[in-house]
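Chain and residue survey
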Amino acid sequence: MTDKIGHSIRRVEDARLMSGEGSYVDDLEPFANVHHAAILRSPYAHANIKKINAEQALTMEGVVEVLTGEDILEHTKPFPVGVSEPINYYSMAVDKVRFVGEPVAVVVAKDRYLAEDAVDAIKVEYEPLDAVVDIEEAMQHDAPVLHENIGTNIANQRFYDYGNSDKAFEEADMVISHKFNFPKYSATPVENYGVIADYTSSENQYTVWSNFHGPFTLHTVMSAALNVPSNQLRLMVPKDIGGSYGIKSGMFPYIVLMGVAARKAGVPVKWTEDRQENLLASSSGTDRVTWIDAAVNKDGTILGMKMKMVDNVGGYIRAPEPASLYRTHSNTLGAYKIKNLQMETVAVMTNKSPTGLIRGYGGQQLYFPLERMMQHIAKKLDMDAAELVEKNLIPSDAFPYETPSGGIYDSGNYQKALKTALDTAQYNEFRQKQKEAWKKGKYLGIGLAAIVEPSGSNMGYVTVALTPEEREQSLPKSGCAEGATVSIDPRGSVTVRISTVPSGQGHETVAAQIVSEVLNVEADKVKVIAEMDTATNPWSVASGSYSSRFAPIGSSAIYQAAQKVRNKLLRIAEHQLGEPFQHLTIKNGRAVAEEDETKQISLKRLIGTAHWNPVDLPEGMEPGLHESAFYTISAAKAPAKDDTVNGSVTYGFVADVVTVEVDPDTGEVEILDYVTVHDAGKLLNPTIANGQILGGLAHGLGGAMYEELAYDDNGQLLSGSFMDYLCPTATEVPNITIEHQETPSPLTPLGAKGLGEGNTMSAPAVIANAVTDALTPFDIMIDDLPLSPDRIWRKIQEKKRVVVKEEF
Amino acid sequence: MIKKVESKEKMKIQTVINGKSYEKEVEPRKLFSDFLREDVGLTGTHVGCEHGVCGACTVLMDGKAVRSCLMFAVQADGTKIETVEGLVNNKTGRSLKAAFSEHHALQCGFCTPGILMSSVEFLNENPQPEKQEIKEMLSGHLCRCTGYTGIVEAVQQTTDGNSK
Ligand code: FES
Ligand code: FES
């Protein structure tokens, strides 16, 4: 059963993408008479809108319509939100702006040039208000309040107590505490958002093409905002999306906005986001402040942790936030066998852009403080960091392992993976080299991170943001369902329809691998349709491309649909050959009796029977060969009364070891080697898996060292172009060594777990650990990011002024 | 002689794109990237930033890699243009494409046309580059999917192939 699954089959997507034949949303003309939109955006972070004058704009050449907040109020309702506070979030500002870049008006014109001309002619009168961008300031009682109807900037706050933390903290030899800051950064796929919306007034029907990739729970949110039954919002997504890394889930407000624009203008409307708009107003990860206390014994055993984490969700808390705080709820203690955990989670709103899914989602915000803390504890105990980590890892015989907060880690062997990482990086040898180097005034450092990589989100996890009492008032949420359809047409061609909405992850290739193996046909005979259409695809609320869910869930749905088709073929063969179903298999295009190979029949004939001659099918069997399967994993249960939840279905493991050299005169960091060991269960296509790892790692590197959406105190974005928002290029990516360990998941039919986000989660922590280690002689503490030369240089200078330790 | 053009007045331009000759009227402010995508229908050239950093819009103009988002269409008057759609007829282009697929040098493929065009020019000028030179050439392009490793390998393989 493994001639295709698990092999590095070449991608079927490549040929079209390298011939200029991709179909990205901006390439499409799905409707006649498409007009173009441009958006006027707020220059203020916080202001009341007094007046909008679009008279002149409306008279300009090619202009069809101008929309303002009034139109949005008339045609839409606020988007439903994931918290109990009544937040009024619309697709455009209605009376007040709460972040720089918030849409204030939309012009619809014959082409984009004319639309932008008209945007310049709209006059808006604002009454500026004091802005707040800092997390801790926003929580002060005298801070400017963004949403008057709520009266506070705190949108969500919860407290959790698992195990017996108070006892652990009493009994421990010591308590070690620190506060960490994680910055706001983004994903910046090279392709920006694109929407083409059409409205049929006689049917009150919205049809929208876009590069939105789910989660399709947001379809509910959009149709509720448009105030139409959900089948009157048909979302279509082309098979090619120019990258996302989560951010394109954040485009849902624009789908609604352009839907309303098409409705009011009476023409189909296309809007393509530009890069400034993308950096200013699309979406991003949260910035977070984390306070950690660790109860530690002298021998390095960690007895418990207390954490307070505060996420900045920007001007509006919008779905699926505050999920960033809870995505890692089940794996808050990472790879460690710590039994006691207290947690306080807070989401605050400030005058920055709203947040949402970004590769790693919540993981980097969690692991930066957690893994930095491990190194910090080791230092306090005068222990080697690797020894401390190893001592606290969950042992390999403890799986399935239940975490204090309810996570069920399905499988793993963390010690072995860590050992591979340390050996590959030559950890002990490097320690020797480091001592020599310090003597010569060269600052070499080695850092590690050991993290659990959750994949396949449980739709229920977000509801731990609510209290058990609040949860009880509505239907419990659980599961992680995905659908797929496999069909064979009358001439025997195989078609697979998926709803996983890929954005470069090669789902077409892997789907073809799986189906061709199950049906025993050549992979290139299988056509995979990756377009999404909510009117005709098999999809669920959980569908989409996020939380690394293709390998554990999407691929399983495809596998099951293929199995259904296979079973049907074999049932027909049973009927025709008179051989029991259990004895039949498919080989070389024929159904064959395993015991007696003379008994066989061609698939062509079986397929023909299903289509052309259904009266010869077994009694009661439906004609045709067209099977859909929906797949979920029962481990994804709704949160329990005690607030435990298994937030993801599979949990991989990543062990990183990184070596660096730091120049103390400039603060510059050079990464010498990056070793990463992954255990993501069974790999479906190793080349594609490595591609995902490398991409995720480069994004983690960006977050660690270069990327930041920086704001000034007035809420003005300081990194609004690619000249200021620095993405890693080929010269910044270091030497990377990837090793795999494949401990299969017992929960998925192919043993696969998700991957591709792990290093985005781990890289900021591991690089910061390596830099801190290199600068041991200066005794600095890295508790914020990115690790830009000026930040490191300043930390060194501060210490230099105090004392330079010489005793190493 | 410099002729003054009124703001919405169109100018006639003539270019040869992928071996085919085009005569079109364009507004002087129209970006060359928009001209290629909207007026000529060659959507293989992509736009990622419109300020000259991402490199997605790169095409060859008289054999030189240029960023079509930093040019006006009128500046292409009288030039020969090659875009990703034309690479089927380019030997280096074909080898690069095969190497890109082999080394998994693309995922979403959005950055790829621009990178292919720069690589064609680069290998034409510099048939035996060092790895570091390849990286420097690529540093004019953003790819957020691949981490660049496969791209560097693919370009490197194409140079090895050329040397045989
Ligand atoms: S679109 Fe031209 S360089 Fe980015
Ligand atoms: S392949 Fe997606 S940006 Fe390069």
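Parameters and conventions
Residues numbered from 1 in each chain as written. Chains lettered and ligands numbered in written order. Predicted model: local features only at pLDDT ≥ 70, side-chain atom pairs only at ≥ 80, totals over all residues. Heavy atoms only, no water. Helix = DSSP H or I, 4+ residues; strand = E, 2+ residues; numbered from the N terminus. Rg over C-alpha atoms; globule rule 2.2 N^0.38 Å. Buried < 20%, exposed > 50% of the residue type's maximum accessible area, 1.4 Å probe, protein only. Contact = heavy atoms within 4.5 Å. Domains from an automatic or database assignment. Buried area = accessible area lost by both parts, 1.4 Å probe. Salt bridge = Lys/Arg side-chain N within 4 Å of Asp/Glu carboxyl O. Polar contact = N/O pair within 3.5 Å; in protein donor to acceptor, adjacent residues only side chain to side chain. Phe/Tyr/Trp six-rings, centres within 6.5 Å; stacked < 30°, edge-to-face > 60°. Pairing = 2+ DSSP bridges. Axes fitted to C-alpha atoms, helices over the stretch in contact; angles between N-to-C directions. Expected span 1.5 Å × (residues − 1). Parallel < 35°, antiparallel > 145°, perpendicular 65-115°, else oblique. Left-handed = near helix turned anticlockwise from the far one by under 90°. Nonpolar A, V, L, I, M, F, W, Y, C, P; charged D, E, K, R; others polar. Core = buried A, V, L, I, M, F, W, Y, C linked by side-chain atoms within 4.5 Å.

A word on the overall build of chain A
- Looking only at helices and strands, chain A has 21 helices and 29 strands in total.
- Compactness check: chain A gives a C-alpha radius of gyration of 28 Å against a globular reference of 28 Å for 808 residues, within 12% of the reference.
- Counting only C-alpha atoms and orienting by the principal axes, one finds that chain A spans roughly 90 × 75 × 55 Å.
- Per-residue burial for chain A yields a buried fraction of 65% across its 808 residues.
- Contacts in chain A between residues at least 24 apart in sequence constitute 80% of all its contacts with a sequence separation of at least 6.

Comments concerning the domain arrangement of chain B
Residue and element names in this part refer to chain B.
- Assigned domains within chain B: domain 1 (11-83) and domain 2 (86-160).
- A straight line from the C-alpha centre of domain 1 to that of domain 2 covers 21 Å.
- Between domain 1 and domain 2, the residue contacts involve 17 residues of the former and 15 residues of the latter.
- Both sides together, the interface formed by domain 1 and domain 2 hides about 1,300 Å², and carbon and sulfur atoms give 53% of it.
- Taken together, the connections running from domain 1 to domain 2 amount to 1 salt bridge.
- In this structure, Glu 125 and Lys 64 form a salt bridge, with 3.1 Å as the shortest nitrogen-oxygen distance.
- Linking domain 1 with domain 2 are 8 residue pairs in polar contact (both at pLDDT 80 or more).

Topic: the packing of aromatic side chains
Residue and element names in this part refer to chain A.
- Under the criterion given, the structure shown has 22 aromatic pairs over all chains.
- With a centroid separation of 5.3 Å and an interplanar angle of 40°, the aromatic rings of Phe 79 and Tyr 89 are classed as tilted. Of this pair, Phe 79 sits in the loop between α3 (69-75) and β4 (96-97) while Tyr 89 sits in the loop between α3 and β4; the two residues are 10 residues apart in sequence, bridging distant segments of the chain. Pair check on accessibility: Phe 79 and Tyr 89 agree, each one buried.
- One aromatic cluster is present, formed by Phe 79, Tyr 89, Phe 99, Phe 252 and Tyr 316 through successive ring pairs.

A short note on the sheet that holds strand β26 (residues 626-631) of chain A
All names here are of chain A.
- Taken in spatial order, the 4 strands make up an open sheet running β21-β20-β19-β26, and their pairing is mixed. Either end of the sheet is taken by a strand with one partner, and the two such strands are β21 (526-529) and β26. The mean angle between the axes of side-by-side strands here comes to 20°, regardless of whether they run parallel or antiparallel.
- Running over the sheet, helix α16 (residues 507-519) touches β19 (482-488), β20 (494-498) and β21 and is turned about 140° from β21.

Describing the environment of A:Ser457
All names here are of chain A.
- Tracing the chain through its elements places Ser 457 in strand β18 (residues 443-457).
- A relative accessible area of 5% places Ser 457 in the buried class.
- Spatially, the C-alpha atom of Ser 457 lies 6.5 Å from that of Val 649, the residues being 192 residues apart in sequence.
- The residues contacting Ser 457, other than those within four sequence positions of it, are Arg 327, Gly 479, Cys 480, Ser 547, Gly 647 and Ser 648.

Some thoughts on helix α19 (residues 686-705) of chain A
- Counted at 1.5 Å a residue, the expected span for α19(A) with its 20 residues is 28 Å, and the 28 Å between its end C-alpha atoms agrees.
- The element α19(A) is largely enclosed, with a buried count of 17 among its 20 residues.

Here's the deal with the packing of helix α2 (residues 91-102) of chain B against helix α3 (residues 112-125) of chain B
All names here are of chain B.
- Following both chains from N to C, one finds α2 and α3 inclined at 125°, their axes separated by 10 Å at the closest point. What the angle tells us is that α2 and α3 run oblique. The handedness of the crossing between α2 and α3 comes out as right-handed. For the pair α2 and α3, contact is made by Thr 92, Gly 93, Leu 96, Lys 97 and Phe 100 and by Thr 112, Ile 115, Leu 116, Ser 119, Val 120, Leu 123 and Asn 124, respectively.
- Classifying every residue of the contact of α2 with α3 by side-chain character gives 6 nonpolar, 5 polar and 1 charged.

Examining the domain arrangement of chain A
Residues and elements named next belong to chain A.
- What the domain assignment reports for chain A is domain 1 (31-129 + 190-243 + 247-281), domain 2 (382-459 + 644-807) and domain 3 (482-631).
- Relative to domain 2, the C-alpha centre of domain 1 lies at a distance of 38 Å.
- Between domain 1 and domain 2, the contact holds 8 residues from the first and 12 residues from the second.
- Between domain 1 and domain 2, roughly 750 Å² of surface is buried when both sides are summed, and carbon and sulfur atoms account for 66% of that area.
- Put simply, domain 1 and domain 2 have 0 salt bridges between them.
- Counting the contacts that link domain 1 with domain 2 gives 1 residue pair in polar contact (both at pLDDT 80 or more).
- No other element matches helix α9 (residues 275-281), which puts 4 residues into the side of domain 1 that touches domain 2.
- By residue class, the composition of the side of domain 1 that touches domain 2 is 5 nonpolar, 2 polar and 1 charged.

Notes on the interface of chain A and chain B
- Each partner contributes residues to the interface: chain A has 48 residues there, and chain B has 46 residues.
- Both faces combined, the contact of chain A with chain B buries some 3,900 Å², and carbon together with sulfur accounts for 56% of it.
- Taken as a group, A:Met18, A:Tyr113 and A:Val190 account for 21% of the area that chain A buries against chain B, more than any other trio of residues on that side.
- We note a salt bridge from A:Asp27 to B:Arg37, for which the minimum N-O separation is 2.6 Å.
- Taken together, the links from chain A to chain B amount to 20 residue pairs in polar contact (both at pLDDT 80 or more).
- Broken down by secondary-structure element, the contributors of at least two residues to the side of chain A that touches chain B are α1 (14-17), α4 (112-120), α9 and α19 of chain A.

Brief notes about the nonpolar core
- Among the nonpolar cores identified, the biggest contains 210 residues, and A:Met258, A:Met305, A:Ile767, A:Val771 and B:Phe100 are the most heavily contacted of them.
- With 10 residues, helix α8 (residues 252-265) of chain A is the largest single contributor of residues to this core.

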